[in-house]
Amino acid sequence: MAGGHGHDSHGHAETATATPPIPEGAFLAPGNTEMTWVEKLYLPEIMKGLGNTFTHLFHKTFTVDYDGTQRDDPRKFHIPREGYRGEHYLKKDEAGHVKCVACFMCAAACPAECIHIEAEAVPADWQDRERYPKRFEIDLLRCIYCGMCEEACPVDAIALSTTYNVVADQREAKVYNREKLLHRGEELGISLTKHHYRPDGIPGHVPEKKAGGH
Amino acid sequence: MAPYLWKLLPILLVFGGVLGIVPLLVFLERKICALIQDRLGPNRVGILGPDSPLEILGIKTGEKRFLGGLMQPLADAIKLIAKEDIIPPHVEKYLFEFAPFFALLPPFLAFAVIPVGAPLMIDGKEMPLVVADVGVGFLWILAVASLSAYGVALGGWASNNKYALLGGIRATAQMISYEIGLGMALLAVAMQYQSVEPVQIVKQQVEGGFLGWGVFHQPLAFLLFTICAFAENNRLPFDLPECEAELVGGYHTEYSSMKFGMFFQGEYIAMLTMGGLLATLFLGGWHYPGYAALSASDSGFVQIVAVVLSLVSFGIKTMGFVLFSMWVRWTLPRFRYDQLMNLGWKVIVPVALFNIVLTAMLNIH
């Protein structure tokens, strides 16, 4: 109902608690004015309102038919900006090994303490490092998606993708182990990224795929 | 066929029609609400495609959804029936159980006196398509429809919950103030047609042709009736008994499962009943332009077509009101309680009185 204020002052004019009259030249918020007699009839205003809502029947909707399959259509599937912090993944090096060197930097940096790593000495044929993670688990239920692990990692082995629709029907399924994390990276086609640092600090191979893009 | 068997026809039409259309109304309400708010609304559970009932039964129906959302009320109904029926320990048990029935039954009973189609000629006798052609006419509707306030008030009181009680009290107060306006608006209609029987009123409108429709003779009563019908049905802008913003859920706060479903169903059936009454009194009932020509035909087939079209015509008018009240619901905000009372007693009643005087002056025979 437009202009409820005006109606009030009219309705309680006799009582002691009557709203004081609006002073001349006072600032009035739109719609807070004294109602004209046409407005007091309500019906023309109601018709206006009905006309307004009727046009909305034919408006383009703001919500979309989201069924999670139309990933190419930005109107049907939300594509976050680059740098969005979503689901984690682990990267591999050219040899196909996990890049992680089990330095525990990410686990130390993690404010939610959701990263659990067990280190092990590398097999004899791995020349580039001493240790690798035997167990690498991220508890996505605890994770706050702050991205500190990605920043802390000295070998750029862990990263956050833009995948935001992480769902599971069991709590256990939200604890990602090493294989799952590696697999997610492969699935996204971003297991190798442009900043590929070797432990010795020499930049290595730069693949074509952009980081974090669908 | 014996004449009393023919009597089953209007009963089946009214009972089946009303019950069958309620789920559709639930879907329409949600869809219209969504479209007015620039949303998509229910669009998953369709007739064919993923999530459809057939698919759940194991019949593959393809990838594409057909009429998505239309089967949503079915899912809702199954959900309501399957849910736990909680009876809180602090309630007045018998009245608590009883109230939903009292909310559901009156709108059904009220529909009994509304003629839903053109009269059938059986053995040379005219049989109106109405469940009960009683002499008290629409007074029956007023009497029975006010009983539904008992369902709301009892439900609110028996819940032993302050919000529910407030909702129930509001319902009674609202019902009193608007039923007077409603009755007075209808009084003018009764004066106009010299009858309170819907069958007679429709007959007179049919004789007058399209321009004989009540809305052209009683425009003010039409307007007042429409406003009061909203209040009578507890629909926005007068849904103060429910008023989820301040009363949680009003009178049905404590209800769950199908008992809540019955209140819900009662509300939609009440809408249909009011729509039917509105159509009968003001929009020529089942009449449609061209009925006279069709019914005058010698061919039995054409006469049957005329009757079927009259059913369709009545359905369209009734649904028109229901759709209109949905449209209004998603347009107007809720009245404050004192504004509602002001409108009822200080505007509707005087205007209705004026309309009665006007009708009396214009109809001196």
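Residues numbered from 1 in each chain as written. Chains lettered and ligands numbered in written order. Predicted model: local features only at pLDDT ≥ 70, side-chain atom pairs only at ≥ 80, totals over all residues.

Looking only at helices and strands, chain B features 15 helices and 2 strands. Projected onto the principal axes, the alpha-carbon positions of chain B cover approximately 60 × 55 × 45 Å. Taking all 365 residues of chain B together, 45% fall into the buried category. Considering only contacts in chain B between residues 6 or more positions apart, those separated by 24 or more positions represent 76%. (Helix = DSSP H or I, 4+ residues; strand = E, 2+ residues; numbered from the N terminus. Buried ≥ 20, exposed ≤ 12 C-beta atoms within 10 Å, placed from the backbone. Contact = placed C-beta atoms within 7 Å.)

So, on to the overall build of chain A. For chain A, the helix and strand inventory stands at 6 helices and 5 strands. Helices and strands in chain A line up, N terminus first, as α-α-α-β-α-β-β-α-β-β-α. Relative to its 214 residues, chain A shows a buried fraction of 16%. When contacts within chain A are restricted to residue pairs at least 6 apart in sequence, long-range pairs at least 24 apart make up 66% of them.

Our focus in this paragraph is the environment of B:Met127. Residue and element names in this part refer to chain B. Structurally, Met127 can be placed in strand S2 (residues 125-129). Between the alpha carbons of Met127 and Trp6 there is a distance of 8.7 Å; along the sequence they are 121 residues apart. Those residues in contact with Met127, other than ones at most four positions away along the chain, are Trp6, Pro119, Leu120 and Ile122.

To continue, consider the pairing of strand S1 (residues 117-122) of chain B. Residues and elements named next belong to chain B. Summarising the sheet, S1 and S2 pair through 4 bridges and their orientation is antiparallel. Paired with Ile122 across the bridge in S2 is Lys125. Linking S1 to S2, which pair antiparallel, is a turn of 2 residues; within it Asp123 sits at a positive phi near 50°. (Pairing = 2+ DSSP bridges.)

Let us look at the packing of helix H10 (residues 219-232) of chain B against helix H15 (residues 337-362) of chain B. Residue and element names in this part refer to chain B. The interhelical angle for the contact between H10 and H15, taken along N-to-C directions, is 150°, at an axis separation of 10 Å. In terms of axis orientation, H10 runs roughly antiparallel to H15. Relative to H15, the crossing made by H10 is left-handed. Together, Leu220, Ala221, Leu224, Ile227 and Cys228 of H10 and Ile348, Val351, Ala352 and Asn355 of H15 make up the contact between the two elements. Looking at the contact of H10 with H15, its residues break down into 8 nonpolar, 1 polar and no charged. (Axes fitted to C-alpha atoms, helices over the stretch in contact; angles between N-to-C directions. Parallel < 35°, antiparallel > 145°, perpendicular 65-115°, else oblique. Left-handed = near helix turned anticlockwise from the far one by under 90°. Nonpolar A, V, L, I, M, F, W, Y, C, P; charged D, E, K, R; others polar.)

We now examine the confidence of the model for chain A. Residues and elements named next belong to chain A. Across chain A, the average pLDDT comes to 74, with 64% of residues at or above 70. Overall, residues 1-14 carries pLDDT values under 50, and its contacts beyond four positions in sequence, including any with other chains, amount to 22 contacts. Every residue in residues 191-214 scores below 50 in pLDDT, and together they form 42 contacts with partners more than four places removed in sequence or on other chains. (pLDDT = per-residue confidence, 0-100.)

Another point: the environment of A:Tyr145. All names here are of chain A. Considering the arrangement of structural elements, one finds Tyr145 in the loop between strand S3 (131-139) and helix H5 (148-152). The exposure class of Tyr145 is partly exposed, given the 15 C-beta atoms found within 10 Å. In this structure, the C-alpha to C-alpha distance between Tyr145 and Lys92, residues 53 residues apart in sequence, is 21 Å. In contact with Tyr145, not counting residues within four places along its chain, are Arg85 and Leu160.

What follows covers helix H5 (residues 93-110) of chain B. Residue and element names in this part refer to chain B. An ideal rise of 1.5 Å per residue puts 26 Å on 18 residues; H5 measures up with 27 Å between its terminal C-alpha atoms. Along H5, the helix axis deviates most sharply at Ala99, where the bend reaches about 25°; the proline Pro100 sits within four residues downstream. Restricting attention to buried positions, one finds in H5 the residues Phe96, Ala99, Pro100, Phe102, Ala103, Leu104, Pro106, Pro107, Phe108 and Ala110. Next to the buried residues of H5 lie helix H2 (8-36), helix H6 (138-158) and helix H12 (257-282). (Expected span 1.5 Å × (residues − 1). Bend = angle between axes of the 7 residues up to and from the residue.)

With that settled, consider the interface of chain B and chain A. Of the residues lining the interface, 13 residues belong to chain B; the matching set on chain A comes to 13 residues. For the side of chain B that touches chain A, the secondary-structure elements that each account for two or more residues are H2 and helix H14 (300-329) of chain B.

Residue and element names in this part refer to chain B. Running from N to C, helix H7 (residues 162-193) and H15 cross one another at 15°; their axes reach a closest spacing of 9 Å. Comparing their axes, H15 and H7 come out roughly parallel. You can see that H7 and H15 cross each other, and the crossing is left-handed. Its residues placed into classes, the contact of H7 with H15 shows 17 nonpolar, 7 polar and 1 charged.

It is worth spelling out unusual backbone geometry at this point. All names here are of chain A. The backbone phi angle of Ala102 is positive, close to 55°, even though this residue is not glycine. In this fold, Ala102 is placed in the loop between strand S1 (88-90) and helix H4 (105-109). Overall, the presence of 22 C-beta atoms within 10 Å leaves Ala102 in the buried class. Of note, Tyr145 is a non-glycine position whose phi angle comes to about 55°, a positive value.

Another aspect to go through is the sheet that holds strand S2 (residues 115-121) of chain A. Residue and element names in this part refer to chain A. In spatial order, the strands read S2-S3-S5; together these 3 strands make up an open sheet with antiparallel pairing. A strand with exactly one partner marks an edge of an open sheet, and here the two such strands are S2 and strand S5 (175-176). Sheet topology note: the S3/S5 ladder contains 2 bridges and is antiparallel. Within S5, the position partnered with Ile138 by the bridge is Tyr176.

It should be kept in mind that the predicted coordinates are not to be read in detail where pLDDT is low. All names here are of chain B. Model confidence for chain B is summarised by a mean pLDDT of 84, while 99% of its residues fall at 70 or above. Per-element confidence in chain B is highest for H10, whose mean pLDDT is 89, and lowest for helix H1 (residues 3-6), whose mean pLDDT is 74. As scored by the predictor, the complex reaches a pTM of 0.73 and an ipTM of 0.77.

As a further point, take the nonpolar core. Within the largest apolar cluster, 94 residues are counted, with the highest numbers of intra-cluster contacts made by B:Ala185, B:Leu224, B:Phe225, B:Cys228 and B:Leu278. No other element matches the 15 residues that H12(B) contributes to this core. Non-local contacts of B:Cys228, meaning those with residues more than four positions away in its chain, are made with B:Tyr178, B:Gly181, B:Leu182, B:Ala185 and B:Ile348. With 22 residues, the next largest nonpolar core counts A:Leu90, A:Val101, A:Cys110 and A:Cys149 among its residues. (Core = buried A, V, L, I, M, F, W, Y, C linked by C-beta atoms within 7 Å.)

Bringing H10(B) into the picture now. All names here are of chain B. Taking 1.5 Å as the rise per residue, H10 with 14 residues should run 20 Å; its terminal C-alpha atoms sit 20 Å apart, in good agreement. Along H10, 10 of the 14 residues are buried, which leaves the element largely enclosed by surrounding structure. Along H10, the positions that sit buried rather than exposed are Ala221, Phe222, Leu224, Phe225, Ile227, Cys228, Ala229, Phe230, Ala231 and Glu232. Looking at the packing, one finds that the buried side of H10 touches H6, H7, helix H9 (214-217), H12, H14 and H15. Phi turns positive one or two residues past the end of H10, at Asn234, with a value near 55°.

Once that is clear, we can look at the environment of B:Gly249. Residue and element names in this part refer to chain B. Relative to the helices and strands, Gly249 resides in the loop between helix H11 (244-247) and H12. For Gly249 and Tyr163, which are 86 residues apart along the polypeptide, the C-alpha to C-alpha distance reads 7.7 Å. Setting aside anything within four residues of it in sequence, one finds Gly249 in contact with Glu242 and Glu244.

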